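Structural characterization, general
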Amino acid sequence: LPVRVPRCYFSASDDTGEAYIMLLEHLVDSGCTFNNASTRYSLDYVRQVLSAFARLHAAYWDSPRFTSDLAWLQPPQQHEIAIPLIGQALQMHAATMPDVFREMGELYMAQANAIHRIWSQGTPTVIHGDVHDANLFFDAGEPGFLDWALVARGPAMRDVGYFLAGTLTAQDQRDSGRDLLTYYRQQLLALGAPAPSMQELWQQYQWHAAYVWVGAAVTLAMGDAWQPVSYVKASLERLHGAMVTLGSVEAIRAA
């Protein structure tokens with residue numbers, strides 16, 4: 001991959017893939033830092049991550065290898081358990097959340113299959129699929145990517161929309177969201193990838209901001225089992241601001 005990842009010294013699994021072992025580079029000993037969006041947040045930091053995304057996505061943009069040695073990469077999975085868990089999250093938290101929480105939850109529960117078809121639109125590339133602060137590290141000025149459990153073949157905006165919606169402050173979302181998307185597109189073009197128009201990228205950004213929300217809402221329904229509730233609520237506050245600014249619910253409903 002054309003991005004920084006932990007070096008893998010050894011890996012093995014049984015025939016089913018259910019039992020496995022990996023021996024990875026100890027990133028602390030390599031001088032890497034973590035929680036960087038929390039500690040070094042700036043628009044320059046966001047651009048550094050977007051540049052790394054562009055290198056990854058451009059390298060596999062509509063790759064013919066998806067029908068040969070990379071055929072094992074599948075589109076992102078749709079998990080049926082998300083619908084009842086979002087219903088549970090609505091019952092438990094809708095009264096204390098902004099309107100967009102209930103609106104998105106009800107729309108997803110009614111139109112989950114159609115929404116996942118929308119999320120699959122766009123030229124396929126290799127995507128990380130789960131880029132939040134805990135899955136990023138920094139090594140000598142270069143962002144690196146941890147936890148590739150959700151690696152998939154899908155549209156680039158699955159990564160970019162996920163990262164921007166979950167990382168930008170509300171003010172930066174309003175003031176700089178479109179400029180950052182333009183910056184990412186320019187990086188793709190410079191690397192030789194036939195990037196979509198800004199109109200198409202912006203529409204996909206509107207859609208994929210809600211993809212991040214589904215994961216957060218499902219996690220919230222689980223209480224503290226997967227993530228502390230306080231952490232999830234803080235993430236949702238940022239996501240709700242992004243979805244309102246972007247008009248995500250209206251854009252998905254219209255599509």
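What comes next concerns the included structure. Here the structure is a predicted model, which means the values were calculated and not measured.

The rules behind the values
Residues numbered from 1 in each chain as written. Predicted model: local features only at pLDDT ≥ 70, side-chain atom pairs only at ≥ 80, totals over all residues. Heavy atoms only, no water. Helix = DSSP H or I, 4+ residues; strand = E, 2+ residues; numbered from the N terminus. Rg over C-alpha atoms; globule rule 2.2 N^0.38 Å. Buried < 20%, exposed > 50% of the residue type's maximum accessible area, 1.4 Å probe, protein only. Contact = heavy atoms within 4.5 Å. Areas by Shrake-Rupley, 256 points an atom, 1.4 Å probe, with all protein chains shown as cover. Lys, Arg positive; Asp, Glu negative; His and termini not counted. Charge placed at Lys NZ, Arg CZ, Asp CG, Glu CD. Expected span 1.5 Å × (residues − 1). Polar contact = N/O pair within 3.5 Å; in protein donor to acceptor, adjacent residues only side chain to side chain. Pairing = 2+ DSSP bridges. Axes fitted to C-alpha atoms, helices over the stretch in contact; angles between N-to-C directions. Patch = residues over 30% accessible without salt bridge, like charges linked within 9 Å, V, L, I, M, F, W, Y side chains within 5 Å. Salt bridge = Lys/Arg side-chain N within 4 Å of Asp/Glu carboxyl O.

Right, let's get into the overall build of the chain. When helices and strands are counted, the chain shows nine helices and seven strands. Against the compact-globule benchmark of 18 Å for 255 residues, the chain has a radius of gyration of 18 Å, which places it among compact chains. Reported as C-alpha extents along the three principal axes, the dimensions of the chain are approximately 50 × 40 × 40 Å. Counting over 255 residues, the chain shows a buried share of 47%. By sequence separation, contacts in the chain at least 24 residues apart represent 73% of the contacts at least 6 residues apart. Carbon and sulfur atoms form 52% of the exposed surface of the chain, whose accessible area is close to 12500 Å². Charge centroids of the chain, computed over 16 positive and 25 negative side chains, lie 5 Å from each other.

Turning our eyes to something else, we now look at helix α3 (residues 82–93). With 12 residues, α3 should cover 16 Å at 1.5 Å per step; its first-to-last C-alpha distance of 16 Å lies within 8% of that length. Of all the positions in α3, only A82, L85, I86, G87, A89, L90 and H93 are classed as buried. The inward-facing, buried residues of α3 contact α4 (99–119), α7 (198–221) and α8 (229–246).

With respect to the helices and strands, N36 occurs in helix α1 (residues 36–39). Judged by relative accessible area, N36 falls into the buried class, the value being 2%. Within polar-contact distance, the side chain of N36 engages the side chain of T33 at 2.9 Å. When sequence neighbours within four positions are dropped, the list of residues in contact with N36 reads Y41, Y45, D133, L136, F137 and F138.

A sheet is described by the order of its strands in space; here three strands give the open sequence β3-β5-β6, paired in antiparallel fashion. A single partner strand is all that each edge strand has here, and the edge strands are β3 (33–34) and β6 (142–145). Looking at chain direction, strand β5 (residues 136–139) and β6 are connected through four bridges and run antiparallel. Looking at β6, one finds that L136 is bridged to F145. In the packing of helix α2 (residues 43–59) onto the sheet, contacts are made with β5 and β6, and the angle to β6 comes to roughly 60 degrees.

As for its placement among the helices and strands, D224 is situated in the loop between α7 and α8. Exposure remark for D224: the relative accessible area of 57% places this residue in the exposed category. The spatial distance from the C-alpha of D224 to the C-alpha of A251 is 32 Å, given a sequence separation of 27 residues.

Attention now goes to a nonpolar patch on the surface. A contiguous nonpolar patch, built from Y9, F10, I21 and L23 and spanning about 430 Å² of accessible area, is present on the exposed surface. Elements supplying a minimum of two residues to the nonpolar patch: β1 (8–13) and β2 (20–24). Positionally, L23 belongs in strand β2.

Any functional reading would require information that these geometric values do not contain.
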